[in-house]
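Remarks on the overall topology
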Amino acid sequence: KAGVTQTPRYLIKTRGQQVTLSCSPISGHRSVSWYQQTPGQGLQFLFEYFSETQRNKGNFPGRFSGRQFSNSRSEMNVSTLELGDSALYLCASAMLTESTDTQYFGPGTRLTVL
Amino acid sequence: DAKTTQPNSMESNEEEPVHLPCNHSTISGTDYIHWYRQLPSQGPEYVIHGLTSNVNNRMASLAIAEDRKSSTLILHRATLRDAAVYYCILRDPSNTGKLIFGQGTTLQVKP
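I will try to describe carefully the structure that is included in this document.

The rules behind each value
- Residues take numbers from 1 onward in each chain, read along the sequence in its written order.
- Naming scheme: in the order in which they are written, chains are lettered from A and ligands are numbered from 1.
- The model is predicted, so local features are restricted to residues of pLDDT at least 70 and side-chain atom pairs to those at 80 or more, both for listing and for counting; the totals for chains, interfaces and linings are taken over all residues.
- With hydrogens and water excluded, all non-hydrogen atoms of the structure serve as input to the side-chain values.
- Only rings of Phe, Tyr and Trp enter the pairing, Trp through its six-membered ring, and a pair is recorded when the two centres are within 6.5 Å. The plane angle decides the type: under 30 degrees is stacked, over 60 is edge-to-face, the rest tilted.
- A run of DSSP states H or I qualifies as a helix once it reaches four residues; a run of E qualifies as a strand once it reaches two. Both are numbered from the N-terminal end.
- Under the scheme applied here, a residue whose accessible area is under 20% of the maximum for its type counts as buried, over 50% as exposed, and between as partly exposed, the area being computed with a 1.4 Å probe on protein chains only.
- We call two residues in contact when some of their heavy atoms are within 4.5 Å.
- Reported buried area values correspond to the accessible surface (1.4 Å probe) lost by two parts on association, with both partners' losses combined.
- Whenever two N or O atoms come within 3.5 Å, that pair is a polar contact, provided that in protein one can donate a hydrogen and the other can accept it, and provided that, for residues adjacent in sequence, both atoms are side-chain atoms.
- In this classification, Asp, Glu, Lys and Arg are treated as charged, Ala, Val, Leu, Ile, Met, Phe, Trp, Tyr, Cys and Pro as nonpolar, and every other residue, Gly included, as polar.
- The disulfide criterion used throughout: a pair of cysteine sulfur atoms within 2.5 Å.
- Note on pairing: DSSP must find at least two bridges between two strands before they are called paired.
- Any Lys or Arg side-chain nitrogen located within 4 Å of an Asp or Glu carboxyl oxygen qualifies as a salt bridge.

Moving on, we come to the packing of aromatic side chains. Tallied over the full model, the rule gives 10 aromatic pairs over all chains. When the centroid spacing of 6.1 Å and the interplanar angle of 80 degrees are considered together, the rings of A:Phe105 and B:Tyr36 count as edge-to-face. Separated into two different chains, A:Phe105 in strand β10 (residues 104-105) and B:Tyr36 in strand β3 (residues 32-38) make up a pair that spans both. The buried category is assigned to A:Phe105, whose relative accessible area is 12%. Classification of B:Tyr36 by relative accessible area gives buried; the value is 0%. Ring centres of B:Tyr87 and B:Phe101 lie 5.0 Å apart, and the angle between their planes is 85 degrees; this geometry places the pair in the edge-to-face category. Residue B:Tyr87 is located in strand β8 (residues 84-91), and its partner B:Phe101 is located in the loop between β8 and β9 (105-110); the two are separated by 14 residues in the primary sequence.

So this is what it looks like as structure tokens:
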């Protein structure tokens, strides 16, 4: 089975721009979660989508948004980029037949905001 | 959300056992204890999880204290490939899709 894939792997943007990151979950997985990882704050949960609905949300400003498509692929959008948005953005998928199901992470997208 | 406390770093020699501790004194009765690890330049990967009883899998063992206020991840024979940041996470079953990561323990394995 192919793992979680994220595109692009690297991205450079300037302040004020917007960016869209993509995540393709493992086949059969219906839950997709997004995380931000920075040296200062560590790994922080952004949001989770399940069957095209946002089911859980972390404590991030409204500039961070996402969506999930009918094939479970997910996109994350960040508008009006700030320098502090530079981070590794990780997506994880899970089957979630049980609430304790394992999450499988992708390699991440490294976003640099100049 | 209940929190966990882990040592910032630990060292081990190759092929020796490693015991990674985690304190979670505010754990609730329904919280599961999960361990993930993150190898350099990779996303986190699942290691093991448990609720009350000790658990074993091909990667590691999880020993859970009787009062559930602490747990220990045991790597039976550390290899250089086990060098990673290990995260102990309390998982509320009602909080689907959300993992709350602490700072984790950076494990160094010396040859």
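This part is about the interface of chain B and chain A. Between chain B and chain A, the contact holds 18 residues from the first and 19 residues from the second. Overall, the association of chain B and chain A removes approximately 1,600 Å² of surface from exposure, summing both partners, and the carbon and sulfur fraction of that is 50%. On the chain B side of the contact with chain A, B:Thr96, B:Gly97 and B:Phe101 bury the most area, a combined 29% of that side's loss. Counting across the interface, chain B meets chain A through three residue pairs in polar contact (both at pLDDT 80 or more). Looking at the side of chain B that touches chain A, the elements that each hand over two or more residues are β3, β4 (45-50) and β8 of chain B. Considering every element that reaches the side of chain B that touches chain A, the biggest residue donor is β3(B), with four residues. The residue inventory of the side of chain B that touches chain A, partitioned by class, reads eight nonpolar, eight polar and two charged.

Below, the discussion takes up the state of the cysteines. Applying the stated criterion across every chain, the model contains two disulfides over all chains. Between the sulfur atoms of A:Cys23 and its disulfide mate A:Cys91 the distance is 1.7 Å. Remark: A:Cys91 occurs in strand β9 (residues 87-94) and A:Cys23 occurs in strand β3 (residues 19-24); sequence separation between them is 68 residues. A:Cys23 sits in the buried class, given a relative accessible area of 0%. Bridging B:Cys22 to B:Cys88, the disulfide has an S-S length of 2.1 Å. Between B:Cys22 and B:Cys88, the S-S dihedral sits near -80 degrees, and the bridge is therefore left-handed.

Attention now moves to the sheet that holds strand β5 (residues 55-56) of chain B. Residue and element names in this part refer to chain B. If you trace the four strands from one edge of the open sheet to the other, you get β2-β7-β6-β5, paired in antiparallel fashion. In the strand order of this sheet, the two ends are held by β2 (18-23) and β5, each with one partner. Judged from the four bridges that link them, strand β6 (residues 61-64) and strand β7 (residues 70-75) form a sheet pairing that is antiparallel. Within the sheet, the bridge partner assigned to Ile64 lies in β7 and is Ser71.

Residue and element names in this part refer to chain A. For the structure on display, the rule yields nine salt bridges over all chains. Arg63 is the salt-bridge partner of Asp85, the closest N and O atoms lying 2.8 Å from each other. With Asp85 in the loop between β8 (74-78) and β9 and Arg63 in the loop between β6 (53-57) and β7 (64-68), this residue pair connects regions lying 22 residues apart in the sequence. Considered together, Asp85 and Arg63 belong to a single accessibility category, that of buried residues. The shortest N-O distance in the salt bridge between Glu75 and Arg73 comes to 3.4 Å. Assessed through its relative accessible area of 16%, Glu75 is described here as buried.

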